[in-house]
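A look at the structure
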Amino acid sequence: MVRASFLLMLACALAGCKSVPPPTPLSQLNEQQMHGHAVFQTHCGSCHYDRRDAALHGPSLLGVYKRPYLPSGAPANDERVTATILHGHGLMPAAGNSMDQQDLDDLLAYLHTL
C-alpha cells in the first residue's frame, strides 16, 4: 500500500514537470525568423524573455506555441497571439501602431521557433 502511494505521488509529480522542447537555435533560423527575432528584441524583449523560462516584467514566451494555452488562458494560436500583440492585454500595452504587417508576420514566425 505504501509503495503504491509512493508510485502514485511520483507519477503525479513527474506529470506536473512537463518541460517544453528547447527553442530552435538562433543559428538555424531562416531570414524571416531572424527578422522576427530583431522585432522581438525591439518591441518585446524589455518585458518578456524569449529563451529563458522565467518571468521578466511579463511572462516568458519560451514555448508559447508548444503549450495549449497562453498565460492569459486564451488558446495559443496565431489569432489570439496577434490580438494580444495588437490590442494588448492586462498590463501589456497595445503594439498595433508600432509595427507593420511584415514585422508582425515575422514576429509570429519567430515565436513559433521558441
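I will try to describe carefully the structure that is included in this document. Please read all numbers here as calculations on a predicted model, not as lab measurements.

**Some remarks on helix α4 (residues 101-111)**
Because an α-helix completes one turn every 3.6 residues, residues spaced three or four positions apart along the sequence face the same direction. Counting buried positions along α4 yields 8 of 11 residues, so the element is predominantly enclosed. Along α4, the residues that are buried comprise Asp103, Leu104, Asp106, Leu107, Leu108, Ala109, Tyr110 and Leu111. Close packing links the buried residues of α4 with α2 (31-43) and α3 (78-87). For α4, the side-chain oxygen to backbone nitrogen distance between the N-cap and Gln102 is 3.2 Å, and the N-cap itself is Asp100.

**Concerning the nonpolar core**
Membership of the largest hydrophobic core comes to 20 residues, with the highest contact counts inside it found for Phe40, Val81, Ile85, Met99, Leu107, Leu108 and Leu111. Breaking this core down by element, the ones donating at least two residues are α2, α3 and α4. The dominant element in this core, judged by the number of residues it contributes, is α4, at 5 residues. In contact with Ile85, not counting residues within four places along its chain, are Met92, Pro93, Ala94, Ala95, Gly96, Met99, Leu104, Leu107, Leu108 and Leu111.

**Quick look at α2**
A rise of 1.5 Å per residue sets the reference length of α2, with its 13 residues, at 18 Å; its end C-alpha atoms lie 18 Å apart and thus fit the reference within 8%. Listed in full, the buried residues belonging to α2 are Gln33, Gly36, His37, Val39 and Phe40. The buried residues of α2 occupy an angular sector of 165 degrees when the element is viewed end-on, so they sit on one face. Of the exposed residues in α2, the ones pointing more than 90 degrees away from its buried face are Glu31 and Thr42. In this structure, the buried side of α2 is in contact with α4. Two or three places before Gln32, at the start of α2, stands the capping residue Asn30, its side-chain oxygen 3.1 Å from that residue's backbone nitrogen.

What counts, and where the lines are drawn
- Residues numbered from 1 in each chain as written.
- Predicted model: local features only at pLDDT ≥ 70, side-chain atom pairs only at ≥ 80, totals over all residues.
- Heavy atoms only, no water.
- Buried < 20%, exposed > 50% of the residue type's maximum accessible area, 1.4 Å probe, protein only.
- Helix = DSSP H or I, 4+ residues; strand = E, 2+ residues; numbered from the N terminus.
- Contact = heavy atoms within 4.5 Å.
- Polar contact = N/O pair within 3.5 Å; in protein donor to acceptor, adjacent residues only side chain to side chain.
- Core = buried A, V, L, I, M, F, W, Y, C linked by side-chain atoms within 4.5 Å.
- Expected span 1.5 Å × (residues − 1).
- Arc of directions from axis to C-beta.

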